[in-house]
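One letter stands for each residue in the lines below.
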Amino acid sequence: MAVTLHQGDIPANLSFGSSVAIDTETMGLKPVRDRLCLVQLSAGDGNAHIVQLQADQYAAPNLRKLLADPAVTKIFHFGRFDIAAMWMYLNVLTAPVYCTKMASRLARTFTQHHSLKTLCNELLDVELDKQQQTTDWGAATLTPEQIQYAASDVLYLHKLRTALDVMLVREGRMDLAKACFSFLPSRALLDVAGWGEEDIFAH
Ligand code: MN
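Residues numbered from 1 in each chain as written. Predicted model: local features only at pLDDT ≥ 70, side-chain atom pairs only at ≥ 80, totals over all residues. Heavy atoms only, no water.

Caption draft 1: Summary view of the overall build of the chain. Helices and strands together make up the secondary structure of the chain, namely 7 helices and 6 strands. Traced from its N-terminal end to its C-terminal end, the chain shows the element sequence β-β-β-β-α-β-α-β-α-α-α-α-α. The C-alpha atoms of the chain give 16 Å as radius of gyration, which agrees with the globular expectation for 203 residues (17 Å, within 12%). If one aligns the C-alpha atoms of the chain with their principal axes, the spans along those axes are about 45 × 40 × 30 Å. (Helix = DSSP H or I, 4+ residues; strand = E, 2+ residues; numbered from the N terminus. Rg over C-alpha atoms; globule rule 2.2 N^0.38 Å.)

Structure follows, in structure tokens:
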């Protein structure tokens, strides 16, 4: 596995094919308050690219172009958060998207456990190390442990998607899943517009 660290943007000639796994690291859990620090990407080939973003580096034209590219599906785990964070700081609405957490909730109704760690363990027999989850992602220089952790969050999303798609088809829920993924960017916009807790579908 190779991890490449980029400052401020991805190179213009870097291609991820028709689907790219994406995760972000931020200063906290509130996109309105907590700035975007890292965007990690993988083509599903076992390699990861990490874009480190300082507070004055949100222009990132190549990254923003990829996020909005209609020909490239962006695969997330709980994309609702990442899409909101990238909307806030990169000023781009990410689409089209796939979310492994939503896919798991729709396909794996026999369990309440839908974390990335659980899915990697149960579907891929991979043990994810979550020790670096709470760490200062805004640091000017990242530690090797932070870089390794950040990369590991995007390395397995393609394989999870493949496994979850089999289950969604088996259970007859693929069309419903696709409809939910189509709505996900709008769900992220609702979060940053103030409808984070309120369910607009509620009675
Ligand atoms: Mn992460």
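There's plenty left to go through after this.
Caption draft 2: Local environment of the coordination of the manganese ion. Every protein donor of the manganese ion is listed here as D23 (OD), E25 (OE) and D153 (OD), and their distances to the metal cover 2.0 to 2.1 Å. Of note, the donors binding the manganese ion are all from one chain and are spaced D-x1-E-x127-D. Here E25 is found in strand β2 (residues 19-26), whereas its partner D153 is found in helix α5 (residues 144-155), with 128 residues between them in sequence. Overall, the relative accessible area of 8% leaves E25 in the buried class. A relative accessible area of 6% means that D153 is categorised as buried. (Donors = N, O, S within 2.8 Å, 3.2 Å for Na, K, Ca; no water. Buried < 20%, exposed > 50% of the residue type's maximum accessible area, 1.4 Å probe, protein only.)

Caption draft 3: Structural view of helix α2 (residues 79-90). Among the 12 residues in α2, 9 count as buried, and that is most of the element. Burial in α2 covers these residues: G79, F81, D82, I83, A84, A85, M86, Y89 and L90. On its buried face, α2 is in contact with β2, β3 (36-42), α1 (61-68), β5 (73-76), β6 (97-99) and α7 (174-192). Positive phi appears at N91, one or two residues downstream of α2, with a value of about 55 degrees. (Contact = heavy atoms within 4.5 Å.)

Caption draft 4: Spatial organisation of the pattern of salt bridges. All chains considered together, the criterion is met by 7 salt bridges. One salt bridge in this structure joins R187 and D191, with 3.1 Å as the shortest N-O distance. With R187 and D191 both in helix α7, this residue pair falls 4 residues apart, about one helical turn. Judged by relative accessible area, which is 23%, D191 ranks as partly exposed. A single network of salt bridges, built from pairs that share partners, joins R80, R187 and D191. (Salt bridge = Lys/Arg side-chain N within 4 Å of Asp/Glu carboxyl O.)

Caption draft 5: Fine view of the side chain of S42. Relative to the elements of secondary structure, S42 occurs in strand β3. Side-chain polar atoms of S42 contact the backbone oxygen of N47, separated by 2.7 Å. (Polar contact = N/O pair within 3.5 Å; in protein donor to acceptor, adjacent residues only side chain to side chain.)

Caption draft 6: Representation of unusual backbone geometry within the structure. In this structure, P96 follows A95 across a cis peptide bond, with omega equal to -10 degrees. Relative to the elements of secondary structure, P96 occurs in the loop between α2 and β6. Of note in this structure, A60 is not a glycine but carries a positive phi near 30 degrees. Along the chain, A60 falls in the loop between β4 (48-52) and α1. Judged by relative accessible area, A60 falls into the buried class, the value being 3%. For N91, which is not glycine, the phi dihedral falls at a positive 55 degrees. By secondary structure assignment, the location of N91 is in the loop between α2 and β6.

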